[in-house]
Structures are given as structure tokens and as C-alpha cells.
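Below, each chain spelled out in residue letters.
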Amino acid sequence: MNDLRTPLARARGLGSGKTGTEHFWVQRVTAIALALLVPWLLWLLLSMVGHDAAHAIALIRAPLNGILLAAFAIAMFWHAKLGIQVVIEDYVHTRASEVTLHLLNTFLCTLGAIASVYAIIRIALSA
């Protein structure tokens, strides 16, 4: 049987072509944020070499360092969540496994971000 519909008519009902745009841009923005924060993080880590834990704590307690470290943790886990989401969508083909992995991905990345920010706040506000 010949399908006489146009390509647009055949594509209708298969989803919007606009839904991935936000995901694309958020992933690019988090990548740019990470690209800007990684040199600072390397500097911070290298400045801790050869010093004791008190020096590391003092560096993290500095307001700018604490804020940038929290921003790095949030951007990193958000970027990781988006990247893993794409892998799940591309390579997992059973619906139950896909939903389970998406939930696990969201839960673990959120938990990691919360735990990281909590640890940074604890260090920054310690006496």
C-alpha cells in the first residue's frame, strides 16, 4: 500500500522538535561554567599541596572559594545528570529499565549535589 502522506503528516504525533532545545542549551551552559571553573579548581587544589588540613580548610572558608566550589559542584552534577540522561535515552530500549535508570540518575546526582554543598557549608561555617 502506498503512503501518500507528506513527510510532515507522517511525522505528526511523534513528538515536538522543540523539546530538546532547552536540554541542549542547559548542557552547553553547564559545560561553559565547568570550563571556566576547572582552572580555578586546579589552582585551588595545587595550592593545597604540601600543606596540612588546616590550610585546606582555611582556603575553603574564604567566601569566594566556598562560593566557587559550590558552583562547581552544582554545575558538575547538573551536567553529569544531563549527559547520563542522553546515554540512557540513546542506549536503553526497555521502558521499565529506562524509567528506573532515569529515576536513579536524578536521585544520585541530586544527592551528590546536596551532599557536596552541605559539606562546603559545614567547612565554611566551622569555628
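Residues numbered from 1 in each chain as written. Predicted model: local features only at pLDDT ≥ 70, side-chain atom pairs only at ≥ 80, totals over all residues. Heavy atoms only, no water.

**Details of the overall build of the chain**
Here comes step 1: A count of helices and strands for the chain gives five helices and zero strands.
Here comes step 2: With the C-alpha coordinates of the chain rotated into their principal frame, the extents come out at 75 × 30 × 25 Å.
Here comes step 3: Buried residues in the chain amount to 24% of all 127 residues.
Here comes step 4: Considering only intrachain contacts with a sequence separation of at least 6, the fraction spanning at least 24 residues in the chain is 66%.
Here comes step 5: Element-wise, carbon and sulfur atoms account for 72% of the exposed surface of the chain, whose accessible area totals about 9,200 Å².
Here comes step 6: Of the charged side chains in the chain, 9 are positive and 6 negative, and the gap between their average positions amounts to 6 Å. (Helix = DSSP H or I, 4+ residues; strand = E, 2+ residues; numbered from the N terminus. Buried < 20%, exposed > 50% of the residue type's maximum accessible area, 1.4 Å probe, protein only. Contact = heavy atoms within 4.5 Å. Areas by Shrake-Rupley, 256 points an atom, 1.4 Å probe, with all protein chains shown as cover. Lys, Arg positive; Asp, Glu negative; His and termini not counted. Charge placed at Lys NZ, Arg CZ, Asp CG, Glu CD.)

**Details of helix 3 (residues 53–61)**
Here comes step 1: Residues of helix 3 that are buried: A56, L59 and I60. The buried residues of helix 3 occupy an angular sector of 95° when projected down its axis, which confines them to one face.
Here comes step 2: Looking at the packing, one finds that the buried side of helix 3 touches helix 2 (20–46), helix 4 (63–91) and helix 5 (95–125). (Arc of directions from axis to C-beta.)

**Quick word on the packing of aromatic side chains**
Here comes step 1: Counted under the stated rule, the structure contains one aromatic pair.
Here comes step 2: Ring centres of F24 and W25 lie 5.6 Å apart, and the angle between their planes is 90°; on these two criteria the pair is classed as edge-to-face.
Here comes step 3: Its relative accessible area of 38% is what places F24 among the partly exposed residues. (Phe/Tyr/Trp six-rings, centres within 6.5 Å; stacked < 30°, edge-to-face > 60°.)

**Focus on the packing of helix 4 against helix 5**
Here comes step 1: Their axes nearest at 9 Å, the elements helix 4 and helix 5 cross at an angle of 175°. Considered as vectors, helix 4 and helix 5 are oriented roughly antiparallel to each other. Residues G66, L69, A70, A73, I74, F77, A80, K81, I84, Q85, I88 and E89 of helix 4 touch helix 5, and the partners they reach there are E98, L101, H102, N105, T106, C109, G112, A113, S116, V117 and I120.
Here comes step 2: Taken together, the residues of the contact of helix 4 with helix 5 break down into 13 nonpolar, seven polar and three charged. (Axes fitted to C-alpha atoms, helices over the stretch in contact; angles between N-to-C directions. Parallel < 35°, antiparallel > 145°, perpendicular 65-115°, else oblique. Nonpolar A, V, L, I, M, F, W, Y, C, P; charged D, E, K, R; others polar.)

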